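# Summary of structural features
In case you want the letters, here they are:
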Amino acid sequence: MATLYLSLIVLIPLAAVVLRSMEDGLSGFWAQVTTPEASSALKLTVVASLLVALINLVMGTLIAWVLVRDDFPGKRIVEMLIDLPFALPTIVAGLVLLALYGPSSPLGVDLAYARSGVVVALLFVTLPFVVRTVQPVLLELDKEVEEAAASLGAGRATIFRRVILPSLLPAMLSGTALAFARSISEFGSTVLISGNIPFQTQVAAVSIFGQIESDNMTGAAAVSTVLLVVALVMLVALDLLQRWGSRRG
Amino acid sequence: MIRATNVSKNFGTFAALRDVSVDIPTGALTALLGPSGGGKSTLLRIIAGLETPDSGTIEIGGEDSTKLSPQRRNVGFVFQHYAAFKHMTVFGNVAFGLEIRKRPKAQIKARVDELLELVHLEQFAHRYPAQLSGGQRQRMALARALAVEPKVLLLDEPFGALDAQVRKELRSWLRRLHDEVHVTTVFVTHDQEEAMEVADEIVVMAGGEVQQVGSPDDLYERPSSEFVMSFLGPTTRVGGALVRPHDVDLLPDPAPGTVAATVQRVVRLGFEVRVDLLVDDEPTWAQITRDQARRLAARPGDRVFLRAGTADIAREVAV
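The text that follows walks through the structure, step by step, so that each part is easy to find. The structure displayed is predicted, hence computed values, not measured ones.

### Quick notes on the overall build of chain A
When its secondary structure is counted, chain A shows 12 helices and 0 strands. Sequence-ordered secondary structure for chain A, helices as α and strands as β, is α-α-α-α-α-α-α-α-α-α-α-α. Projected onto its principal axes, the C-alpha positions of chain A cover 65 × 50 × 35 Å. Accessible surface computed for chain A: about 12900 Å², of which carbon and sulfur atoms make up 71%. Each charge class in chain A was averaged separately, 15 positive and 17 negative side chains, and the resulting centres sit 9 Å apart.

### A look at the interface of chain B and chain A
Listed per partner, the contact involves 24 residues of chain B and 21 residues of chain A. Roughly 2000 Å² is buried in total at the junction of chain B and chain A, and carbon and sulfur atoms are behind 59% of that figure. At the junction of chain B with chain A, the criterion picks out 2 salt bridges. As a salt-bridge pair, R45(B) and E147(A) come within 2.7 Å of each other at their nearest N and O atoms. The tally of links from chain B across to chain A stands at 5 residue pairs in polar contact (both at pLDDT 80 or more). Of all elements in the fold, only β6 (75–78), α2 (90–100) and α4 (134–146) of chain B reach the threshold of two or more residues within the side of chain B that touches chain A. At 4 residues, α2(B) tops the list of elements feeding residues into the side of chain B that touches chain A.

### Description of the sheet that holds strand β5 (residues 63–64) of chain B
All names here are of chain B. Within the open sheet, the 4 strands sit side by side as β2-β1-β4-β5. Their pairing is antiparallel. Taken across any chain shown, the strands that pair with only one partner, and hence form the sheet edges, are β2 (14–24) and β5. Across 5 bridges, the pairing between strand β1 (residues 2–11) and strand β4 (residues 55–60) is antiparallel. Along β4, the bridge assignment pairs I2 with I60. Sheet contacts for helix α1 (residues 40–48): β1, β2 and β4; angle to β2, the most-contacted strand, approximately 65 degrees.

### Focus: empty space enclosed by the protein
Residues and elements named next belong to chain B. Under the counting rule described, the total for this entry stands at 2 cavities of 30 Å³ or more. The calculated volume of the largest cavity comes to roughly 50 Å³. Of all elements in the fold, only α4 and α5 (164–181) reach the threshold of two or more residues within the lining of the largest cavity. In terms of residue count, α4 provides more of the lining of the largest cavity than any other element does, 3 residues in total. When the residues that make up the lining of the largest cavity are grouped by side-chain class, the tally is 7 nonpolar, 1 polar and 1 charged. The space that makes up the second largest cavity amounts to roughly 30 Å³. Along its surface, the second largest cavity is lined by L146, L153, L174, L177, H178, V181, V183 and T185. Looking at the lining of the second largest cavity residue by residue, the class counts come to 6 nonpolar, 2 polar and no charged.

### Describing the pattern of salt bridges
Residues and elements named next belong to chain B. All told, the structure shown has 26 salt bridges over all chains when counted by the stated rule. K151 is the salt-bridge partner of E63, the closest N and O atoms lying 3.3 Å from each other. Separated by 88 residues along the polypeptide, E63 in strand β5 and K151 in the loop between α4 and β7 (152–156) bring together distant segments of the chain. One salt bridge in this structure joins R274 and D276, with 3.1 Å as the shortest N-O distance. Residue R274 is classed as partly exposed on the basis of its relative accessible area of 28%. Owing to a relative accessible area of 14%, D276 belongs among the buried residues under this scheme. Ionic contacts of the salt-bridge type, sharing partners, join the residues R171, D191, E193, E194 and E197 into one network.

### Describing the environment of R171(B)
Residues and elements named next belong to chain B. Following the sequence through the fold, R171 ends up in helix α5. In this structure R171 comes out as buried when scored by relative accessible area, which is 2%. Apart from residues no more than four positions distant in its own chain, R171 is found in contact with F159, D191, E193, E194, E197 and V198. A distance of 3.1 Å separates a polar atom in the side chain of R171 from a polar atom in the side chain of E193.

### Quick word on the environment of F231(B)
Residues and elements named next belong to chain B. For F231, the location among the structural elements is in helix α8 (residues 226–232). Each C-alpha atom of the pair F231 and Q165 lies 23 Å from the other, and the pair is 66 residues apart in sequence. The residues contacting F231, other than those within four sequence positions of it, are L33, G34, P35, H190 and Q192.

How each quantity is defined
- Residues numbered from 1 in each chain as written.
- Chains lettered and ligands numbered in written order.
- Predicted model: local features only at pLDDT ≥ 70, side-chain atom pairs only at ≥ 80, totals over all residues.
- Heavy atoms only, no water.
- Helix = DSSP H or I, 4+ residues; strand = E, 2+ residues; numbered from the N terminus.
- Areas by Shrake-Rupley, 256 points an atom, 1.4 Å probe, with all protein chains shown as cover.
- Lys, Arg positive; Asp, Glu negative; His and termini not counted.
- Charge placed at Lys NZ, Arg CZ, Asp CG, Glu CD.
- Contact = heavy atoms within 4.5 Å.
- Buried area = accessible area lost by both parts, 1.4 Å probe.
- Salt bridge = Lys/Arg side-chain N within 4 Å of Asp/Glu carboxyl O.
- Polar contact = N/O pair within 3.5 Å; in protein donor to acceptor, adjacent residues only side chain to side chain.
- Pairing = 2+ DSSP bridges.
- Axes fitted to C-alpha atoms, helices over the stretch in contact; angles between N-to-C directions.
- 1 Å grid on protein atoms, 1.4 Å probe; cavity = no way out; pocket = protein on both sides within 12 Å on 5 of 7 lines; lining within 4 Å.
- Points joined across faces, edges and corners; volume = space filled by probe spheres on them.
- Nonpolar A, V, L, I, M, F, W, Y, C, P; charged D, E, K, R; others polar.
- Buried < 20%, exposed > 50% of the residue type's maximum accessible area, 1.4 Å probe, protein only.

Below, the structure written as structure tokens:
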């Protein structure tokens, strides 16, 4: 029953996309993926996603740290706001960002139709992932382990590097992988602010949409397959990381 | 010597320590004994620098350590729940303090091997803490604390998380280890049997204050208060006085200084026999040997004569 459900919902559609992309054979697939438009969209998507995942790895860990270890007025509100980018329909996120960082920005920061706009949109949408994976691990960390390290002579920086960081690392990396996977598939939040200029600000998901609109189903399927493979590689890497973490935990 | 002088500590409105002054002798194995919430763990953590006292001073080996950070106190600390570095091997855990001190690699290896042998974990050097039993983890934690040759070794309920069998093994092992290593050691426990068996000196703490300091014999024979007496062993009341049940003599006939009692119940517990009694409608009990019980041959409802001896009287009878 579970297998049937999984097949209907996940496996068959995925297989269909892969098959569709191979309709003109492997060389046809390659030709579709390497058209200037498709390859530039894929490149932008992967590079921007990597950048975003890295930035949110650092910032997300920092925010989780502050939320767990520090006390400040309004902490509960911040705690709730963290999930907002995740809960918000992404198109609304895109609208908000366009209003704030668009041509009529009240802050005087215009990121519209620029790659930096894409990055900001992705940063916004993927912020919760690292925060929410690191936070519970940080909460569970045994204070006594840090005290043990301190009484053995370790200073604060050493305690962080040698005791805390290794415990957080699996969670940090899995949060980063999730943020990356989300970034490569992001559509709604980037579609408004990027302006979808081919060769410049068009991300893969929007490029797929464009190809479908212009009736190039094979091309759309080919780009989709590439995204699928990248996501799969990320998930396998994530799984390996978690095994590595649990062997040591 | 570790000297605490007028140490007080409050957590919110709760006074964990009230003006505590105590000297802990160098080279000895000292127990901080008392009920939970009595302040003993707080005192231990203040000695280690893991808590700061609200007032008072701590001297370790003649040096005022009150304002020293835990890093600079050179104490070894062992936690109830091991506080193992989970992502490091047993070797890595024990080597940690030496690596912080930037000792040469060969020297670290030699020292860690020596310690692992001392705590009987030499075959487990490359395991992770998760692959060890509780007792093994605690021995690893002990080796880790000893690695940096601390001036004092502090153990906070070190056997509290272990099951009864392992706990008994480890405490006699700790005693033997201390006889080998001779480092000034303080351990916190709420188990009087553990303190009596292991410690040279016991500091009884309750209500954030030191109740009495002395050797196990001192405390047992000459408790300074009813609290200390009842905390260190079984007690019962005879005519308003607190006595040890094994210091109560039961005689078949009246004699000078005896009071009449009615036998309620006779319970055999292996070597010893517990006799529940009523004296003037007040319940009390006596702990006698099997031989004594046979000679007395008392049954429920019988009338016997009871003499509540002091410790000295008890000794005469035993001879």
